[in-house]
Amino acid sequence: MALLKALRKEKGVITANTFQCRGFGLQLRRKYMGKRQTAGYSVRVVTVVVQAEQADDLFEYIFYQVNFDHPCPGLIYQGDLLAATPYTLPAGVQVVQGE
């Protein structure tokens, strides 16, 4: 995914994850206006864990990276974690070519 690659390359973030799920939104509601059924569509959820000092800067970076400044791009929010374990990649781990 382009966002995860950009986070790693431009911001050094390796604590990001993504998964796919079904979503519903305004664009879909307009398509089925007046009908009783709606169908979900495939969406991506991205989670990013960073230190509190980096959070605001990274929030703004993601906001513009995925075009949240345009109508109906999705949902973005920021909050405190209940718990997380910091980790780094072991020395000698190679980056996959082309990423």
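Caption draft 1: Quick look at the layout of surface pockets. Size it by volume and the second largest pocket reaches roughly 390 Å³. Together, 19 residues line the second largest pocket, and Thr15, Val49, Val50, Gln51 and Pro86 are the ones closest to its centre. Looking at the lining of the second largest pocket, the elements with two or more residues in it are β1 (16-23), β2 (41-48) and α3 (52-65). Residues that form the lining of the second largest pocket fall into these classes: 11 nonpolar, 7 polar and 1 charged.

Caption draft 2: Up close: the nonpolar core. Of all hydrophobic cores here, the largest spans 7 residues; its members are Leu3, Ala6, Leu7, Val13, Leu58, Tyr61 and Ile62. Not counting residues within four places of it along the chain, the set of residues in contact with Leu58 comprises Leu7, Lys11, Val13, Val48 and Val50.

What counts as what
- Residues numbered from 1 in each chain as written.
- Predicted model: local features only at pLDDT ≥ 70, side-chain atom pairs only at ≥ 80, totals over all residues.
- Heavy atoms only, no water.
- 1 Å grid on protein atoms, 1.4 Å probe; cavity = no way out; pocket = protein on both sides within 12 Å on 5 of 7 lines; lining within 4 Å.
- Points joined across faces, edges and corners; volume = space filled by probe spheres on them.
- Helix = DSSP H or I, 4+ residues; strand = E, 2+ residues; numbered from the N terminus.
- Nonpolar A, V, L, I, M, F, W, Y, C, P; charged D, E, K, R; others polar.
- Core = buried A, V, L, I, M, F, W, Y, C linked by side-chain atoms within 4.5 Å.
- Buried < 20%, exposed > 50% of the residue type's maximum accessible area, 1.4 Å probe, protein only.
- Contact = heavy atoms within 4.5 Å.

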